[in-house]
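# Residue-level structure breakdown
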Amino acid sequence: MRKALLIIGIIVFVACGIALLMALFYNYGYYHVLDGSTELYRRLRLSSIVSLVTGIVLALIGAACFIIRSKI
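Figured I'd write up the structure that's included with this text.

Definitions and limits used
- Residues numbered from 1 in each chain as written.
- Predicted model: local features only at pLDDT ≥ 70, side-chain atom pairs only at ≥ 80, totals over all residues.
- Heavy atoms only, no water.
- Helix = DSSP H or I, 4+ residues; strand = E, 2+ residues; numbered from the N terminus.
- Buried < 20%, exposed > 50% of the residue type's maximum accessible area, 1.4 Å probe, protein only.
- Contact = heavy atoms within 4.5 Å.
- Areas by Shrake-Rupley, 256 points an atom, 1.4 Å probe, with all protein chains shown as cover.
- Disulfide = S-S within 2.5 Å.
- Expected span 1.5 Å × (residues − 1).
- Salt bridge = Lys/Arg side-chain N within 4 Å of Asp/Glu carboxyl O.

The secondary structure content of the protein amounts to two helices and zero strands. A principal-axis box enclosing the C-alpha atoms of the protein has dimensions of 55 × 15 × 10 Å. Buried positions account for 19% of the 72 residues belonging to the protein. Nonlocal contacts in the protein, meaning residues at least 24 apart in sequence, comprise 70% of its contacts between residues at least 6 apart. When the accessible surface of the protein is split by element, carbon and sulfur atoms take 75% of a total near 5,200 Å².

Dropping the structure here:
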């Protein structure tokens, strides 16, 4: 069980990093598009927020896996 929690925690943290990088990418696109439609700005902003929240949730799940692993 300890090894499984370690593997799950590492995979979740990698997914967290990818989600946070995507949030950074969408945020950069939101602030640096010079002439886009309002739909593009809305989609970039929404994608940025969703990716950020997903990254935070994945970080909490990964931390929980490591904490549970240390208690076993």
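So, on to the state of the cysteines. Throughout the structure, instances matching the rule amount to zero disulfides. The thiol of Cys-16 is unpaired, and the distance to the nearest cysteine sulfur, on Cys-65, comes to 12 Å.

What follows is about helix α1 (residues 2-32). For α1, which comprises 31 residues, the first-to-last C-alpha distance of 45 Å matches the rise-based estimate of 45 Å (1.5 Å per residue) to within 8%. Restricting attention to buried positions, one finds in α1 the residues Leu-5, Gly-9, Val-12, Cys-16, Ala-19, Ala-23 and Gly-29.

Let's shift gears to the pattern of salt bridges. If the charged atoms of two oppositely charged side chains come close together, the side chains can form a pair. In this structure the tally under the stated criterion is one salt bridge. For the salt bridge of Glu-39 with Arg-42, the shortest nitrogen-to-oxygen distance reads 2.9 Å. Taken together, the residues Glu-39 and Arg-42, both in helix α2 (residues 38-71) and three residues apart, mark about one turn of the helix. By relative accessible area, which is 47% here, Arg-42 ends up partly exposed.

Over its 34 residues, α2 extends 50 Å from the first C-alpha to the last, a length consistent with the 50 Å expected when each residue adds 1.5 Å. Listing the buried residues of α2 in full gives Leu-44, Ser-48, Ser-51, Gly-55, Leu-58, Gly-62 and Cys-65. Summarising the contacts, the buried residues of α2 are in contact with α1.

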